[in-house]
Each structure stands twice: as C-alpha cells, then as structure tokens.
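Structural overview
Here is what each chain is made of, one letter per residue.
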Amino acid sequence: MTKTRELESDIDLCEWSGTDANGDSIDCERQVGGNGPHCIIHSPESVSKSRLHDEVEENAPLCGAVFRTLDLTNSVPALSDNQPLDLTDARIRHLKLDEATISSAVCLEGATIDTITAENAVIKGGVAASGLTCETFEASEVTIEGDLKLSHADISDLLELTESRIECLRADDLTVKGKVRLDDCSFPEQVSIIDSTVTGAITFRYSDFEGRATIENTTFESSLDCRFADFHSQVSFDDSEFHSVARFKQTRFGPFASSFRDTDFHRDATFTEAVSTGVLNFSTTERPDSGEPAVCEGNLRLDDADLYELRLDGVNVDGELSISEASIKVLTATDIQCNTLKVVGTSLGGTAEFSNSTVGTLEVVNSRFGGFAEFDNINVRKSARVKQSVFQSDCDFESTTFLGDVSFERTRFTDRTSFKSVRFIRRAFFFGARFEGTATFEFAEFHELGWFSRRGEQDPIPPVVFGNEVGFHDAIFHTADFSGATFSEPARFDRAYFGVNPRDVTGQEERLTLDTTVDEDVTATRDTGESLSFDDWTPPTETDARSDSDGDGPVKERAAPAARFDHVTFDSIASFNAVTVEVNLQLSDTDVKSLYLTPERVVTDTRIVCKDAAVDTGEIDLTDDEGTQYTVNFKQARVGDVDLSSDAVHTDVFDRCLVKNTRFDGFNFIPHLQELRTLRWEIHHTNSDSDNTSYLDHLCSRLGDYRNILSAWWSDSDSLQTHRNKYQRLQTTYQYAKTGANVTGQNEPASKFFQREMRYQTRNHAAEALLPGQSLKHRIVPFVKSVLIFLFGILSKHGESGSRVVVSSGVIVVAYWVVYLFRPDTSVGLLQNLVFSIGSFATLLTGSIGKSVGNATALVAATEGFVGALMSALLLFTLTRSIHR
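**So, the overall build of the chain**
Counting its secondary structure elements, the chain contains 12 helices and 79 strands. Among the 885 residues that make up the chain, the fraction classed as buried is 52%. A separation of at least 24 residues holds for 37% of the contacts in the chain among residues at least 6 apart in sequence. Surface exposure of the chain reaches about 37700 Å², of which carbon and sulfur atoms provide 47%.

Next up, the structure:
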C-alpha cells in the first residue's frame, strides 16, 4: 500500500482552477498530459473523439477547456447523474454538435468559441450561453427542450437557428455584430430579447412563437424580417430601434396585445398582409411606466392586413402611413403625425378614429367604414381626397382644417355626418357625394370654394344628394355652388354667410403656421414620384355680366364669388333665415317645397335669383335687419303660396320683384292689394314709381307704346320684333297672374290682371301686323284684332267694368247729340236733340225713331241705334261676367 501511494503522489495533476456552471470553485483533477502544467483538456490541442468521450464520462465538467476542435458529432455522451456538458469559460475554435444527442444541459457561459455548428442536434436540458463570445453560431433543425440563454453574449458574425425547436430563448443584452437567422423556428415558451443590439440583418421568417415574445429596448441596425412569423401570444417590440426596414409581411399576431410603443423606425415598417386577432399597438399604454408612441422616419405600411384592432395613437410617421386593401375591426389613430395618410380599399368594421392629428396628404379611397368614423380636429396640411368610400355609421369631421384642396367624390354617408366648424382653406369638392343620414355643416368655413355641383355639364358624376335633413347653420361661404343638388329633407342655411371672407366674419387670421406649399393642380407628391391631383381641373369663375334685356336695370358685372343653388331640388324645407348675402344668391331652376328667406344683412344691389324656379310655399322677406332692400328675380318661375313681405308688412314687395312669365300657382295677392293698387297693378317691373305718376301721364305713357311701335316700324324694322317679343312676354306674365288669381278665387286681382293681359295683347297684335315680310292676310287679321281689343278695353275695360259700359254709352249719346244739333231736320232745342239722341240709341229696340227726319239723319240715327244695341249687349255681358267671377 505504501508503495502504491508513493507512486500516485508522484503523478502531476492539472493546475487549472475556475468555476463551473453553478458558480462553484473547482480544481481540475486530471493528469497532466505531455510536458506542460495542464491536462489534455486544458491544453490547446485537438482531442480524439474516443479520448474526449472517456473524459466526459469520467469527469463531465469541461470548464475552461481549450480546444482547436471539439467534435461531438453523432455522439451521445453518457453524462452521469444528469450533469450538464459544462464548457464554462472554455476556449474553442470549433464546437461541433451535429447529430449529437445531449441528455442534459450544455453550458457555454463565459466561453469563447469561434464557430458552433449543431445540425439536427438534440439538447434535452437547454443551453446556457450567457457571456458567450462567438463568431458563428450556426444550427439548423436543432431541438432544445430547455432554455437557450444568450444573455450578455457577443456574436460577431452569424447567429443562425433555422428550422429548430427551442423551448425558451433568452437573449438579454445580446450583441450580434453580424446576421441573426431564426427562420422556421418553433418557440413553445417565452422568447426574450431585451437591451440587445443586432448589427446585421435579423430574420424570424416562418417562425412560430407559441409563448410570449418580448423583444424590447433592442437596436436593429440592419433590416428585420418577420415575414410569415406567427405570434400566438403577447408580443412586444417596445422601446426598440430599427435603423433599416422592418418587415412584418404576412405575419400573424394572436389574440393578445402586440406592442410597438416607443419604437423608432428609421426606415420603412411594412405590415403588408399581416393578420392580428388581438391588438396591434403602436401607441402608449395605460400603464404608469408607459413610454412614448412609435416613431417612423420612413413609411409605415399596413397594406392587405387583416387586424382585429390597430392602435396608432400618437404615432409620428415622416413618410406615408398606408392602410390599403386591409380589413380592420377597430382602428384608433389619434394625435398622429404623418406626411401622407392613405386608406385605400380598406374595410373598417368598427370604430375608426383619426382625431387630433396632423397629416400632410389625406387619401381615403374605395374604403368602407362600418362603425363610427372620427376625423375631428385634424390639420391636413396639403390635399385630401375621400373618394368612392362608404361611411355606414356616424362620421365626424368636426373642427378639421383642410389647408389644401379636398374632395369627397362619390362618397356615401349612410348615417349622421358632421362637418361642424370645419375650415376649408382652399377648394372643397363634393362631386357625387350622397348624405343618406342627417348632415351638419354648422359653422363650417369655405374660404375659397364649396362645390356641391357636378364637375361639368356633361360629367357623368351627379351633384350632391342630401337624403335627410342637412344644416348649414352659421356656415361661411366665400363661393358656394350647389347647382343640380338634391335636398330630400329640410335644408337649413340659417344665419349662413354667402360671398364673404371667413376672416372678416370670425375676426381671426388664417392660422397657417404649417408648411403649406401647395401646387395649383398637383397638391401632393409621394416619394415614389406618384402625384395626387384633382384632374387638373379648375372650377369656372363666373362673371355675372347681365345686359338686362328686359330693361329692369343697368348692365352689371359681378365676378365670382357666387352662391349658386340653380337646378337644385329641395323636396322639403329650404331655410335661409338670418343669412348674410354679399353676392347674388342663385336659386335658378330650383324646385323648392318650402323656401324661407329672411336675411340678416344684404349688400346693396344684391339679387336673389329664382328665375325658372318652382317655389310651392314659404316666406321671403325682401328687407334685411338693417333696412336694406334687395331684388328677387322670379322670371319664368312658379310661385305658390309664398308670403312676400318687407319690414314685416306686405308693402314694397312687387317693387322689389322681377316678374315676367311668372306663374302664380296658389299665390295670395290679397295681402298685397294696397301696394298693387298703388302700382296700378303693374307687377312686371321694379321701381315703377307709379304712385308718383299722375293718371294723365300714366295714360300718355301707355299710348306711347303705340308711338314706339310705329317708330320702330318706320326706322328700325329689326327692333320691331324685339318690341313684339316684349309685349308677348308681358301678355303671358299677366295671363299667368290672372289664372293664378282665378284659381284661388281672388276676383279683383284676376280682373285687373286680365285687363293688363288684354292691354299687352293689343300691342302684341299691333306689332305683329307691322312685321316686315308679312302677307296682307297676316297683316289685316292681327290689325283688326288689335283694334277690336283696344276698343273693347276703352268701352268696358275688356268686359270687367259695367260702369265703364254705362259711361261709354253716355259718351256715345252725347257725341251723337252734338251731331244732331247741326242737323236741320231734327227738333229745335238742346233738350229735344238730346231726347232724340237717346231715342236713336235705343231705336233698334223700339223701332219708331227716324220716321220724322230726312234720310241722312235717319242713317245717322240708325248707326246710333246699332251701336246702342251693341253697348246693351256689352253691358249684359259685363254684368254677367262680374257676377260669375
């Protein structure tokens, strides 16, 4: 025994000492190999597989090992007592674990290994590689049933774990100066990469994250590619920084929160065709320690994505925020900032909120909003286009400011829509827009143009349609065009301003503190060079130059702005109470059920143009609150039961109305009798001053019409046709007025208007008889008609005055009496001749007069008797007509 112990004491043991995987101090008990102070494990030599296996089986810890190549290919080390394969602090050029099966853990903590390869390896106890220094870590189809810990590791070239199944990956404070490939991997438990830096490209393509994935406060200096990755549980990229493109194309996010809060994207972030059944969150959270929202210096693309909930609150995107061809249940994007917000071909089933944001260009095209859509308090610095989109629930654009052109072309709003307090600094187009629910533009400001008409006369896109009640209360229009629009329910423009600069009303300067460089036709240009334009189209600027051919006033020139409602259909109420009108309010060819127009202020010489309009009922006050009167043009219009007033009374009304070829369909003339009598029932011109003209002067002016006709026939035959057209229109005007009064049983107006109709019919026939190029027949017939109607008017006021017939009969009797005074065969004496004249006037009734006089006197008496018979018949006709009227 003594000798044996002496022999053992003579054997030198390895002098290496260190710590194992558990942090315990250990001393190497292996024999020294060769002439050095260390064993073969701690010497920089290559070790044969057989010797290595013996060492592992005899003494599993390989802490501090130094190998050129550590080859465990196809090996199954027999580790006793489930001890780990411990390579703590080892220095190895190449560690080969291909096809190896390790029944326990592998510890590489603090090791320095140039290359690790592990293809088809199975490690049942996990890999502890904290503090590992490695150039290449390359593994594929590896199964690690425990944790893979790479915390504080430093990999300088490549970290690759493709097609592997790793129970849990922990890589806090990891530094990879090269590429990271974790493609087609399966992570049943947690993945944690925190406070790490990856210099090269990193990929998670086709990987399956069944547990929570926490990739926070990590810097990706190159691209990140998570295409086709599947995150089943919660995933967080919070506080991370992406210096290059981040691709999440066709990535699937599970029903839990997926967070990108306080994440900086220095280049594009692409979520094309991504799918999320939970929350995809780029916003701050409600946690007390919540950071800032995500920042993207490039483009943030969520095209073709299928998301349950997307949160972008507070996100700052320097480029384009694109949500195209996507399907999103709930979207919140409040307080965002981006150069372009693009929502194209997207279906948003629930709430979509974009409030309190600042965007350069807004583009919403071919999209459907199934829930509440909120765009309130947005600043759009350039242009906005909302085209062919559908808002199926409430839509809110309140307090939004559009600094450039904005278009809502062929957009459908099926529920309540609000544009309250919206500021349209440039042109606002609503071609083909349909508002099926209630709409409000209360306090809206149109600084340049509010265009609700069709784009052009031949354009297939129709004007705007308001299917429900719409309110423009207190709205301010510099220029407004509603031509051809349809209002199916009440349209209220109460207290609205037309033709004014909104700044003059609000007293505020346009707060254009943002970069608002906007081209006239092309208002936004994307990075790709593609431009967003409004078809190089400029609305026609109208110069309202009217050479008033009807002689109602001097020639006027009025340039745009204008307030146009021509060809509009108001199926219900159109209310313009307390409006301010500084330009002509165009209601031509408008069909209105009920029109209410009571201006608060009207600029002098401004007109309300209702030419060719049809107004069934309503109220029109022709004087504003300051006492300024304006003119209403009712030419060729149809005026129903409309209450016309001026200063709350029914005077000075027809002196402010242009009436020609106007149909009075149910209009009540009775409240206006005093004014009509003062105007001598002449309603076809304004400012007639009829009350200041004596009857004799008035009669002379009427006879002067025939002088004008003769003068035109003698000197200018071309103007004769103009005169005829004028009298023809006046004849029609009073014919319509008579018919309207007749239908409603207004006897006095009907009678007076009939007399005016006959008066202008006389002049019409006279001018027709003198037209050049007429045949003799076509001259005689209208001439005879003109003479007969003229006489009919003198004798009986065209059958409307029995007293005129009696007076005319007396005048005839006196005229014949004068003749009889100079006949020698009549009775001597004034009284006797008067009796003879009266008897002659009634001779055809008695048949006894004329037998005691000569033939000449008898002939004169016979003519008087014939005229007397006609006058008797005329009296009977006039009395009968007055009874039946």
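**Some points on a negative patch on the surface**
There is a patch of like negative charges on the surface, built from Glu-99, Glu-119, Glu-138, Glu-141, Glu-163 and Asp-184. Its place among the elements puts Glu-138 in strand β11 (residues 133–140).

**So, the nonpolar core**
Counting 198 residues, the largest nonpolar core has Phe-441, Phe-482 and Phe-498 as the members making the most contacts within it. If you tally residues by element for this core, the top one is helix α6 (residues 717–743), at six residues. Once residues lying within four places of it in the same chain are set aside, the contact partners of Phe-441 are Phe-419, Phe-430, Phe-435, Phe-446, Phe-452, Phe-466, Val-470, Gly-471, Phe-472, His-473 and Ala-475. Val-813, Tyr-816, Phe-841 and Met-871 belong to the second-largest nonpolar core, a separate cluster that totals 11 residues.

**Description of the pairing of strand β36 (residues 306–311)**
A regular strand carries its side chains on alternate faces of the sheet. Across five bridges, the pairing between strand β33 (residues 275–281) and β36 is parallel. Looking at β36, one finds that Val-275 is bridged to Asp-306. Two strands pair when backbone bridges link them, and β36 and strand β38 (residues 327–332) are joined in this way by five bridges, in the parallel orientation. By the bridge assignment for β38, Leu-307 is matched with Ile-328.

**Observations regarding a nonpolar patch on the surface**
On the surface, a cluster of nonpolar side chains totalling about 800 Å² of accessible area is made up of Leu-776, Ile-780, Phe-783, Val-784, Val-787, Leu-788, Phe-790, Leu-791 and Ile-794. Position of Phe-783 among the secondary structure elements: in helix α8 (residues 777–796).

**Quick look at the environment of Gly-799**
Mapped onto the elements, Gly-799 comes out in the loop between α8 and α9 (802–821). Taking relative accessible area as the criterion, Gly-799 reaches 1% and is therefore assigned buried. The residues touching Gly-799, leaving out its near neighbours within four places in the chain, are Phe-792, Phe-877, Thr-878 and Arg-881.

**Observations concerning the environment of Thr-826**
Structurally, Thr-826 can be placed in the loop between α9 and α10 (830–841). For Thr-826 and Thr-857, which are 31 residues apart along the polypeptide, the C-alpha to C-alpha distance reads 7.9 Å. Setting aside residues no more than four positions away along its own chain, Thr-826 makes contact with Tyr-820, Asn-833, Phe-836 and Thr-857.

**Concerning the packing of α6 against helix α7 (residues 747–769)**
A packed helix pair is summarised by two numbers, namely the angle formed by the two axes and the spacing between the axes. Here α6 crosses α7 at 160°, and the two axes come no closer than 8 Å. Overall, the two elements α6 and α7 adopt an arrangement that is roughly antiparallel. The two elements α6 and α7 cross, and the hand of that crossing is left-handed. Facing α6, whose interface residues are Leu-720, Arg-724, Tyr-727, Gln-728, Leu-730, Gln-731, Tyr-734, Gln-735, Ala-737, Lys-738, Ala-741 and Asn-742, α7 presents Pro-749, Ala-750, Phe-753, Phe-754, Arg-756, Glu-757, Tyr-760, Gln-761, Arg-763, Asn-764, Ala-767 and Glu-768. Of the residues that constitute the contact of α6 with α7, the class distribution is 12 nonpolar, six polar and six charged.

**Focus: the packing of aromatic side chains**
Tallied over the entire structure, the rule returns 85 aromatic pairs. Look at Phe-441 and Phe-452: their rings are 5.8 Å apart centre to centre, the planes differ by 85°, and that puts the pair in the edge-to-face class. Of this pair, Phe-441 sits in the loop between β56 (439–440) and β57 (445–446) while Phe-452 is found in the loop between β58 (449–451) and β59 (465–466), placing the two residues 11 residues apart along the sequence. Here Phe-441 matches Phe-452 in class, with each residue buried.

**Quick word on the pairing of strand β77 (residues 638–645)**
Sheet topology note: the strand β75 (residues 614–621)/β77 ladder contains seven bridges and is parallel. Across the sheet, Glu-619 pairs through a bridge with Asp-643, a residue of β77. Sheet topology note: the β77/strand β79 (residues 663–664) ladder contains two bridges and is parallel. The residue bridging Arg-638 from the neighbouring strand is Arg-663, located in β79.

**Quick notes on the confidence of the model for the chain**
For the chain, per-residue confidence averages 83 on the pLDDT scale, and residues scoring 70 or more make up 85% of the total. Averaged over each element, pLDDT in the chain is lowest for strand β66 (residues 522–525) (38) and highest for strand β51 (residues 412–413) (96). Between residues 1–9, whose pLDDT stays under 50, and residues either more than four places distant or in other chains, the model counts zero contacts. Across residues 512–532, confidence stays below pLDDT 50; counting only partners more than four residues off in sequence or on other chains, it has 45 contacts.

**Here we look at the environment of Ala-496**
If you trace the backbone, Ala-496 turns up in the loop between β64 (491–492) and β65 (497–498). The sequence separation of Ala-496 and Val-581 amounts to 85 residues, and the corresponding C-alpha distance is 8.3 Å. Look past the residues within four positions of Ala-496 in its chain and what remains in contact with it is Phe-472, Asp-474, Ala-475, Ala-578, Val-579 and Thr-580.

**Points about unusual backbone geometry**
We note that Phe-228 has phi near 65°; this positive angle belongs to a residue other than glycine. Tracing the backbone through its elements, the reader meets Phe-228 in the loop between β24 (224–225) and β25 (230–231). Taking the relative accessible area as the measure of exposure, Phe-228 reaches 33% and is therefore partly exposed. Even without being glycine, Ser-399 reaches a positive phi, approximately 60°.

**Quick word on the pattern of salt bridges**
Enumeration according to the criterion identifies 29 salt bridges in this entry. The partner of Arg-170 in a salt bridge is Asp-147, and the shortest N-O contact between them spans 3.6 Å. With Arg-170 in strand β14 (residues 165–170) and Asp-147 in strand β12 (residues 143–149), the pair connects residues that are 23 residues apart, well separated along the chain. Looking at Asp-147, the relative accessible area reads 27%, which means it is partly exposed. Among the ionic pairs, Arg-165 bridges to Glu-167, the shortest N-O distance being 3.5 Å. Taking relative accessible area as the criterion, Arg-165 reaches 37% and is therefore assigned partly exposed.

**Here's the deal with α6**
Its 27 residues give α6 an end-to-end C-alpha distance of 40 Å, which sits within 8% of 39 Å, the value for a rise of 1.5 Å per residue. Considered for burial, the residues of α6 that qualify are Leu-720, Arg-724, Tyr-727, Leu-730, Gln-731, Thr-733, Tyr-734, Ala-737, Lys-738, Gly-740 and Ala-741. Just downstream of α6 lies Gly-745, where phi reads positive at about 70°.

**Some thoughts on the side chain of Asp-616**
Within the secondary structure, Asp-616 is located in strand β75. By relative accessible area, which is 19% here, Asp-616 ends up buried. Within the structure, the side chain of Asp-616 is placed 2.9 Å from the side chain of Arg-638, a separation counted as a polar contact. Beyond its immediate sequence surroundings of up to four residues, Asp-616 is in contact with Val-592, Lys-593, Arg-638, Gly-640, Asp-641 and Val-642.

Criteria and thresholds
- Residues numbered from 1 in each chain as written.
- Predicted model: local features only at pLDDT ≥ 70, side-chain atom pairs only at ≥ 80, totals over all residues.
- Heavy atoms only, no water.
- Helix = DSSP H or I, 4+ residues; strand = E, 2+ residues; numbered from the N terminus.
- Buried < 20%, exposed > 50% of the residue type's maximum accessible area, 1.4 Å probe, protein only.
- Contact = heavy atoms within 4.5 Å.
- Areas by Shrake-Rupley, 256 points an atom, 1.4 Å probe, with all protein chains shown as cover.
- Patch = residues over 30% accessible without salt bridge, like charges linked within 9 Å, V, L, I, M, F, W, Y side chains within 5 Å.
- Salt bridge = Lys/Arg side-chain N within 4 Å of Asp/Glu carboxyl O.
- Lys, Arg positive; Asp, Glu negative; His and termini not counted.
- Charge placed at Lys NZ, Arg CZ, Asp CG, Glu CD.
- Core = buried A, V, L, I, M, F, W, Y, C linked by side-chain atoms within 4.5 Å.
- Pairing = 2+ DSSP bridges.
- Axes fitted to C-alpha atoms, helices over the stretch in contact; angles between N-to-C directions.
- Parallel < 35°, antiparallel > 145°, perpendicular 65-115°, else oblique.
- Left-handed = near helix turned anticlockwise from the far one by under 90°.
- Nonpolar A, V, L, I, M, F, W, Y, C, P; charged D, E, K, R; others polar.
- Phe/Tyr/Trp six-rings, centres within 6.5 Å; stacked < 30°, edge-to-face > 60°.
- pLDDT = per-residue confidence, 0-100.
- Expected span 1.5 Å × (residues − 1).
- Polar contact = N/O pair within 3.5 Å; in protein donor to acceptor, adjacent residues only side chain to side chain.

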